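# Breakdown of the fold
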Amino acid sequence: MDKKDKIEIARNILNNAANMNMNKEIILKISQKIDKYIIEYLRKDGGKRGN
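Below or above, wherever it landed, is the structure these notes cover. Note that the structure is a prediction, hence the values are computed from the model and not measured. (Residues numbered from 1 in each chain as written. Predicted model: local features only at pLDDT ≥ 70, side-chain atom pairs only at ≥ 80, totals over all residues. Heavy atoms only, no water.)

## Structural notes on unusual backbone geometry
- We note that Asn21 has phi near 55°; this positive angle belongs to a residue other than glycine.
- Note on placement: Asn21 falls in the loop between helix 1 (3-19) and helix 2 (24-44).
- Among the residues examined, Asn21 registers a relative accessible area of 67% and is labelled exposed. (Helix = DSSP H or I, 4+ residues; strand = E, 2+ residues; numbered from the N terminus. Buried < 20%, exposed > 50% of the residue type's maximum accessible area, 1.4 Å probe, protein only.)

Below, the structure is given as structure tokens:
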């Protein structure tokens, strides 16, 4: 599973958690994990955009 897949899965989990009115701390941790994945993805690709 590559970084882009991890980002997409985490975004779906975050969206579901928000829709279920989960604890804000859990939502924050999921959001922080997404931020980490995005940073890793951008560093790996040198900040280049595209498919």
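## Observations concerning the nonpolar core
- Judged by nonpolar contacts, Ile7, Ala10, Ala17, Ile30, Ile34, Tyr37 and Tyr41 together constitute the single largest core of 7 residues.
- Only helix 1 and helix 2 provide two or more residues apiece to this core.
- Residue contacts for Ala10: discarding those within four places in its chain leaves Ile30, Ile34 and Tyr37. (Core = buried A, V, L, I, M, F, W, Y, C linked by side-chain atoms within 4.5 Å. Contact = heavy atoms within 4.5 Å.)

## Some remarks on the pattern of salt bridges
- Under the criterion given, the structure shown has 2 salt bridges.
- Here Arg11 and Glu8 are joined by a salt bridge, their closest N and O atoms 3.2 Å apart. Here Arg11 pairs with Glu8, and both are found in helix 1, just 3 residues apart, close to one helical turn.
- Look at Arg11 and you get partly exposed, because its relative accessible area is 46%. (Salt bridge = Lys/Arg side-chain N within 4 Å of Asp/Glu carboxyl O.)

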